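Overview (structure and organization)
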Amino acid sequence: YYWPQQKGNSNRTGLSSYSLGIDLQAGPTWHWRDPHLDVITSTPLIDDQRNIYLSTRGRRIYKFSPDGHILWSFRGERGSMDHVPVIMGGSLYGSTRA
């Protein structure tokens with residue numbers, strides 16, 4: 001995975017062995033506005049297909065395609081999602097706090 005957990009790897013170094021492969025001076029290739037105005041405080045995660053996962057304080061998780069289309073979303077029933085999820089073994093794991 002490109003960025004499976006907070007700070008990137010199990011040593012939490014914040015370093016990636018992958019190169020970006022795009023020109024950042026050209027600006028963002030896509031943007032998204034949260035219709036719920038939730039607070040996003042967690043690290044985005046990137047899987048092996050370059051899909052991007054965002055979690056919010058409003059108990060929502062979004063999965064975006066590399067070009068910015070929402071593939072799915074999930075909302076927890078209760079509590080808050082204060083922790084960054086992790087991708088492991090083809091699954092996304094997260095927790096909520098009541």
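You'll find the structure just up there.
Cut-offs and rules
Residues numbered from 1 in each chain as written. Predicted model: local features only at pLDDT ≥ 70, side-chain atom pairs only at ≥ 80, totals over all residues. Heavy atoms only, no water. Buried < 20%, exposed > 50% of the residue type's maximum accessible area, 1.4 Å probe, protein only. Helix = DSSP H or I, 4+ residues; strand = E, 2+ residues; numbered from the N terminus. Pairing = 2+ DSSP bridges. Patch = residues over 30% accessible without salt bridge, like charges linked within 9 Å, V, L, I, M, F, W, Y side chains within 5 Å. Areas by Shrake-Rupley, 256 points an atom, 1.4 Å probe, with all protein chains shown as cover. Salt bridge = Lys/Arg side-chain N within 4 Å of Asp/Glu carboxyl O.

This part is about the pairing of strand 3 (residues 60–64). For strand 3, the tally of buried residues reaches five of five residues, placing the bulk of the element in the interior. Burial along strand 3 is two-sided: Arg 60, Tyr 62 and Phe 64 and Ile 61 and Lys 63, pointing in opposite directions, are all buried. Of the pairings in the sheet, the one linking strand 2 (residues 52–55) to strand 3 comprises four bridges and is antiparallel in character. Following the sheet pairing, Ile 52 is matched in strand 3 by Phe 64. If you look at the hairpin formed by strand 2 and strand 3, you'll find four residues sitting between the two strands, and Arg 59 has a positive phi there, around 70°.

Attention now moves to the sheet that holds strand 3. Pairing in this open sheet of four strands is antiparallel, and the strands run 1-2-3-4 from one edge to the other. At either margin of the open sheet sits one strand with a lone partner, and together these are strand 1 (45–46) and strand 4 (70–75). The pairing of strand 3 with strand 4 spans five bridges and is classified as antiparallel. The residue of strand 4 that forms the bridge with Ile 61 is Phe 74.

A surface patch of nonpolar side chains, about 330 Å² in accessible area, is lined by Leu 20, Ile 22 and Leu 24. In this fold, Leu 20 is placed in the segment before strand 1.

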